[in-house]
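Residue-level structure breakdown
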Amino acid sequence: MIPTWVNGVLTPVDKLEAHVKGLRHKAVSVFVMDGQNVLIQQRALSKYHTPGLWANTCCTHPHWDEDSGTCAVRRLEDELGITGLYPVYRDQLEYRANVGDGLIEHEVVDLFVAPASEHTLKLNLNPEEVMATRWVDIYDLAAEVARHPDQFTPWLQIYLADHLDLVIADQSSMAQVGE
């Protein structure tokens, strides 16, 4: 059950039902950054939407009554085996996107950025969630997404096209973990 607005009231709704009906619901997205380099993930082929597409470091829906910051830390560990990072809240965004097979993401997203060291960050991928990862310069990623949008999730396309400034803001002032 994920926090979903039904008739203006926050209500627990099954995740698949929220996507089938395109209901507005809470979400969390995290970008792990080392300077201008971002860690992206390729979604597992077993995912019920957007399988095999590249996305930001991790994204999910908080449990009912779960704090978004706690959710961000939990999903970094659940999806990628990352521990010891403390994501910094950037802003709340809203988007609506078709994610294929008649499913719609209508999300109110708390966006986080977590500084890390590409060279020392330890990953332990959950194969049910993630099939691959890679580090890439965020500006190169934006250019790659523009050239090959079919290889990337709709939300990553939206973040890079409309909210890149939130992801890269104040990178130099954020302390890196793991150095």
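Worth saying up front: this structure is predicted, and the values here are computed from it rather than measured. (Residues numbered from 1 in each chain as written. Predicted model: local features only at pLDDT ≥ 70, side-chain atom pairs only at ≥ 80, totals over all residues. Heavy atoms only, no water.)

1. Topic: the side chain of Thr-4
Tracing the sequence through the fold places Thr-4 in strand β1 (residues 2-6). On the accessibility criterion, Thr-4 (0% relative accessible area) is buried. Excluding residues within four positions of it along the chain, Thr-4 makes contact with Val-9, Leu-10, Thr-11, Val-13, Ala-18, Leu-23, Arg-24 and His-25. (Helix = DSSP H or I, 4+ residues; strand = E, 2+ residues; numbered from the N terminus. Buried < 20%, exposed > 50% of the residue type's maximum accessible area, 1.4 Å probe, protein only. Contact = heavy atoms within 4.5 Å.)

2. Some details on helix α3 (residues 138-147)
Taken residue by residue, α3 has Ile-138, Leu-141, Glu-144 and Val-145 as its buried positions. Taken around the axis of α3, the buried residues stretch over an arc of 115°, which confines them to a single face. With respect to the buried face of α3, the exposed residues turned more than 90 degrees away are Ala-146 and Arg-147. Considering only its buried residues, α3 is in contact with β3 (24-34), β4 (37-43), β9 (130-137), α4 (154-162) and α5 (164-168). If you check the start of α3, you find a side-chain oxygen 2.8 Å away from the backbone N of Tyr-139, and it comes from Asp-137. (Arc of directions from axis to C-beta. Polar contact = N/O pair within 3.5 Å; in protein donor to acceptor, adjacent residues only side chain to side chain.)

3. Observations concerning a nonpolar patch on the surface
On the surface, a cluster of nonpolar side chains totalling about 260 Å² of accessible area is made up of Leu-16, Val-20 and Tyr-48. With respect to the element layout, Leu-16 can be found in helix α1 (residues 15-21). Using a relative accessible area of 41% as the deciding quantity, one classes Leu-16 as partly exposed. (Patch = residues over 30% accessible without salt bridge, like charges linked within 9 Å, V, L, I, M, F, W, Y side chains within 5 Å. Areas by Shrake-Rupley, 256 points an atom, 1.4 Å probe, with all protein chains shown as cover. Salt bridge = Lys/Arg side-chain N within 4 Å of Asp/Glu carboxyl O.)

4. A few points about the confidence of the model for the protein
Averaged over all residues, the pLDDT of the protein is 92; the fraction at 70 or higher stands at 94%. With pLDDT under 50 throughout, residues 172-179 is counted as low confidence; its partners more than four residues away or in other chains account for 20 contacts. (pLDDT = per-residue confidence, 0-100.)

5. Section: the nonpolar core
Of all hydrophobic cores here, the largest spans 28 residues; its most connected members are Phe-31, Val-38 and Leu-141. Of all the elements in the fold, those that place two or more residues in this core are β3, β4, β5 (54-55), β7 (88-100), β8 (103-115), α3, α4 and α5. When near neighbours in sequence (up to four residues on either side) are disregarded, Leu-141 contacts Val-38, Ile-40, Val-136, Phe-152, Leu-156 and Leu-160. Counting 16 residues, the second-largest nonpolar core is a separate cluster that includes Cys-58, Leu-80, Ile-82 and Leu-85. (Core = buried A, V, L, I, M, F, W, Y, C linked by side-chain atoms within 4.5 Å.)

6. Quick word on the packing of α3 against α4
Contact geometry of α3 with α4 gives a least axis separation of 10 Å together with a crossing angle of 120°. Relative to α4, the element α3 is oriented oblique. Our pair here, α3 against α4, has a crossing hand that is left-handed. From α3, Ile-138, Leu-141, Ala-142 and Val-145 reach across to α4, where they touch Leu-156, Gln-157 and Leu-160. Tallied by class, residues from the contact of α3 with α4 come to six nonpolar, one polar and no charged. (Axes fitted to C-alpha atoms, helices over the stretch in contact; angles between N-to-C directions. Parallel < 35°, antiparallel > 145°, perpendicular 65-115°, else oblique. Left-handed = near helix turned anticlockwise from the far one by under 90°. Nonpolar A, V, L, I, M, F, W, Y, C, P; charged D, E, K, R; others polar.)

7. A few points about the side chain of His-49
One can find His-49 in the loop between β4 and β5. A distance of 3.0 Å separates polar atoms of two side chains, one belonging to His-49 and the other to Thr-50. At a separation of 3.0 Å, a polar atom in the side chain of His-49 contacts the side chain of Glu-105. Setting aside anything within four residues of it in sequence, one finds His-49 in contact with His-19, Arg-43, Val-99, Leu-103, Glu-105 and Trp-155.

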